[in-house]
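# Structural characterization, general
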Amino acid sequence: MAITSYPFDAQVVTETQFSQMFREFQDSGVVAAFGASAFAVNAGTGMVVKVTAGLAFLRGHMVQSTATEDVTIPAASTSVRVDRVVLRLDPALNSIVLAVKQGTAGSATPPALTQTDTGIFELSLAQITVNASVSSIASGDITRTRPFVGTRVRAWTTSTRPETPRFGQLGYNSETSKWEFWNDSTWSPLLSTVDWSNLSGKPATFPPSSHTHTWSQISDRPSSLPPSAHTHDWTQVTSKPSLFPPSAHTHAWSQLTGVPSTFAPSSHSHSWSSITSKPSTFTPSTHYHGQYLESGDTISWANGTKRVHADSVSGSGTYYAVWVEGDGKFARNTSSRRFKQNIRDIDIDPDAVLSLRPRLYDRRPKEEGGNYLRDEFGLIAEEVAETLPEIVTYDEEGRIDALRYDLLGVALLPVVQDQAERIERLEQLVRDMSR
């Protein structure tokens, strides 16, 4: 391993060696008081920004600008991007110049800096937010990022700390107002923050010495002080009347004395709405009523209601046919188009209707040992299902249960219409033959 030492008399010292030596004397950054105007980036005209004069170190090399320089920002894109204005050291060109590093359109992240040990090294002076399709840069679009140097103990902001710190490097952070050092992995406060929670040996409570407070020093005090329950002797009451004729007033029941424990009410009535705990449905025993049940009421299958046609009706003034649901609830039979959808024609075979067989039968009693209803006539649902299933209904278990006799008249219409057509054709045939 070769050992090299420099600089000595009659010895050639390279640029790289001088750079390595001087960078140990000073970090890279602007040589000025912290926050001074040296190498400050300001808004100019259009897409031009202005960089003020200044002095700076970059990796042991020095650059000095004696006048304000104009730097042109590349034209805006159709979406926002973030550029950088940098001082760029290029040892191969023996120069340090101002340059612009263009960011990526659509990204809010500025481009990364190139910082090599013996090659190109870039020092960020400012970040420029280039908004979409703009033609000028405003002051609010510029964020200064200059690091400053002075003595080896430096001042900085969180974003301008040294890029490649060494273990134990010390500096003052002007944003946090704290001294901090590099612990070889992160920047840590030089002095730990002391608060009540991390103090040891502190007392759990503080019994205060005897003292007083003025009323104005008390927080959350009430605006008025309603006194607690207390009494006064009658002699202490002033301006009391000699007599007390009471004006009209009321008393709560609990204030009355000698009240009866029960009340036998006189004959009276109550409206239905004032009755509590009433049942929601009524399953009456076998009998008839002379009035309709309320909507949603149910009756047992053997019961019903009757009303003569001559009686007046309430509500819309219209009588309706009634369906009875499987649970015994009444439902109004409506036929208006507004209650229907998917209306379409149906083909009913007249022969299927004509094949229906009226039958005579005895109906089984409701209860074991009851009487049969003799000589009832109608149709048998199972037989109707073979030729005209459209009017057959089924129970919850899928068994044939009943017939829609109200639809039977509708099913007879095709028969009547077919017969009407036949009669018309026959009459026409007779008229033609008589000519």
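Throughout this document, residue positions are counted from 1 along each chain, in the order its sequence is written. The predicted origin of the model limits local features to residues at a pLDDT of at least 70 and limits the giving and counting of side-chain atom pairs to 80 or more, whereas totals for whole chains, interfaces and linings rest on all residues. Each side-chain value is derived from all of the structure's non-hydrogen atoms; neither hydrogens nor water enter the calculation.

Turning our attention to the sheet that holds strand β3 (residues 48-51). Strands sit in the order β2-β3-β6 across an open sheet of three strands; the sheet is antiparallel. Only two strands of the sheet have a single neighbouring strand rather than two, namely β2 (41-43) and β6 (69-72). Looking at each pair of strands side by side, their axes are set apart by 35 degrees on average, direction ignored. Two strands are said to pair when DSSP picks up at least two bridges between them. Strands here mean DSSP runs of E at least two residues long; helices mean DSSP runs of H or I at least four residues long; both are numbered from the N terminus. Two strands pair when backbone bridges link them, and β3 and β6 are joined in this way by four bridges, in the antiparallel orientation. When the sheet's bridge partners are listed, V49 is paired in β6 with V71. Convention adopted: a line fitted to C-alpha atoms gives each axis, helices being fitted over their contacting stretch, and angles between N-to-C directions are expressed from 0 to 180 degrees.

All right, on to the pairing of strand β13 (residues 170-173) then. Exposure categories follow from relative accessible area, calculated using a 1.4 Å probe and restricted to protein chains: below 20% of the type maximum is buried, above 50% is exposed, and the middle band is partly exposed. Burial along β13 is one-sided: the face carrying G171 and N173 is buried and the face carrying L170 and Y172 is not. Note: strand β12 (residues 154-156) against β13, three bridges, orientation parallel. Residue W156 lies in a different strand from β13, and its bridge partner there is N173. Judged from the four bridges that link them, β13 and strand β14 (residues 178-182) form a sheet pairing that is antiparallel. Note on β14: the bridge partner recorded for G171 is E180. Hairpin geometry of β13 and β14 is characterised by an intervening segment of four residues between the two adjacent antiparallel strands and by a positive phi of about 55 degrees at S177.

To continue, consider helix α1 (residues 15-25). Because an α-helix packs 3.6 residues into every turn, residues spaced three or four apart end up facing the same way. All of the buried residues along α1 are Q17, S19, M21 and R23. Looking at the packing, one finds that the buried side of α1 touches β5 (61-65). Contacts are assigned to residue pairs with any non-hydrogen atoms lying within 4.5 Å of each other.

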